[in-house]
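# Structural overview for review
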Amino acid sequence: MREAMLRAELGDDVFGEDPTVIALERRLSTLFGKEAGMFCPSGTMANQIAVNIHTRPGDEVICDEGAHIYRYEGGGTMATSGCSVKLLETDRGRFTAEQVEASINAREAQWLANTSLVNIENTCNRGGGAVWDLKEVDRIATVCRKHGLALHMDGARIFNALATTGEHPESWGEWFDTISICLSKGLGAPVGSVLIGTADMIARARRVRKRLGGGMRQRGILPQLDFTRWITTWNG
Ligand SMILES: Cc1ncc(COP(=O)(O)O)c(C=O)c1O
């Protein structure tokens, strides 16, 4: 990592001109079949930006009662985005499409909060590292599309999940609007997360990141993984 710091080509990342950051964002977004990616200083910021771009103040987010976005992000879902949460009782963090469907507030009931986002955490921190079944994610994504809800994955440890199941990242990427991926957990880099999604979502996310003070200049200097080495597993 320290050698990579020495070698890193730098530019101003707020202007989108740091080649090292661009390469990292492109690498991860491509791996999951997404259009774009954005580096964030922490997983918390990546998740909170995702919540912010998928919701409006007064909306409601559906998630596990132990979800990191609810319990461990300083109340950000409520404070930064002004959302309420519908907490689900789950099997170690994993819930079902039926639970999601039953938790969506009827659009015509203007006295209820507007449900706009579902959050899945994989692996589940409070669930002791429980791994989701992709078939259930597929069912949940179908419910989300039917009701016009966004689906975000807090993939802080998604590579731990993929290492367990042997699935390709792209098979996960297709179901989610956005995914946050921590570089500083199972992957072993000391700093950072990347949020991936469509080009439009990431463009909106960049504005929110700047607003929150997460726009950094010569970001490429931060210690990082040699991605060309470890991602070869999924390159075939
Ligand atoms: C599931 C999950 N999401 C997000 C985060 C936040 O990461 P960070 O500590 O980089 O803010 C964590 C941290 O432990 C986590 O376990």
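Before reading on, note that the structure itself is shown above.
All of the points below concern the structure found in this document. As the structure is a prediction and not an experimental result, all values here were calculated from the model. (Residues numbered from 1 in each chain as written. Predicted model: local features only at pLDDT ≥ 70, side-chain atom pairs only at ≥ 80, totals over all residues. Heavy atoms only, no water.)

Further remarks concern the side chain of Ser116. Mapped onto the elements, Ser116 comes out in strand β4 (residues 114–121). Side chain to side chain, Ser116 and Asp59 meet in a polar contact 2.9 Å long. Look past the residues within four positions of Ser116 in its chain and what remains in contact with it is His54, Thr55, Asp59, Glu60, Leu149 and Ala150. (Helix = DSSP H or I, 4+ residues; strand = E, 2+ residues; numbered from the N terminus. Polar contact = N/O pair within 3.5 Å; in protein donor to acceptor, adjacent residues only side chain to side chain. Contact = heavy atoms within 4.5 Å.)

As a further point, take the sheet that holds strand β5 (residues 150–155). Strand order in this open sheet of 7 strands is β1-β7-β6-β5-β4-β2-β3, and the pairing throughout is mixed. Looking at strand neighbours, the two that pair on one side only are β1 (36–40) and β3 (84–88), the edges of this open sheet. Averaged over all pairs of adjacent strands, the angle between their axes in this sheet comes to 20°, without regard to strand direction. Alignment of β4 against β5, held across 5 bridges, turns out to be parallel. Looking across to β5, one finds that Asn119 is bridged to His152. Along the sheet, helix α10 (residues 199–211) contacts β1, β6 (178–182) and β7 (193–197); its crossing angle with β1, the most-contacted strand, is approximately 20°. (Pairing = 2+ DSSP bridges. Axes fitted to C-alpha atoms, helices over the stretch in contact; angles between N-to-C directions.)

Counting residues in each nonpolar core, the largest one holds 40 residues, and the members touching the most others are Phe32, Val118, Ile140, Ile158, Phe159, Trp172 and Phe176. Those elements that place two or more of their residues in this core are α2 (19–31), α6 (97–103), β4, α7 (134–147), β5, α8 (158–165), β6 and β7. Of all the elements, α7 adds the most residues to this core, at 6 residues. Other than its neighbours up to four places away in sequence, Trp172 contacts Asn122, Trp132, Leu134, Val137, Met153, Ile158, Leu162 and Glu167. (Core = buried A, V, L, I, M, F, W, Y, C linked by side-chain atoms within 4.5 Å. Buried < 20%, exposed > 50% of the residue type's maximum accessible area, 1.4 Å probe, protein only.)

Along its 14 residues, α7 runs 20 Å from first to last C-alpha, staying within 8% of the 20 Å computed at 1.5 Å per residue. Turning to α7, its buried residues number three or more, namely Leu134, Glu136, Val137, Ile140, Ala141, Val143 and Cys144. Buried residues along α7 cover an arc of 165° about the axis, so they all sit on one side. For α7, the exposed residues set more than 90 degrees away from the buried face come down to Lys135, Arg145 and Lys146. Of the surrounding elements, those touching the buried residues of α7 are α6, β4, β5 and α9 (169–173). Looking at where α7 begins, the residue whose side-chain oxygen comes 2.9 Å from the main-chain nitrogen of Lys135 is Asp133. (Expected span 1.5 Å × (residues − 1). Arc of directions from axis to C-beta.)

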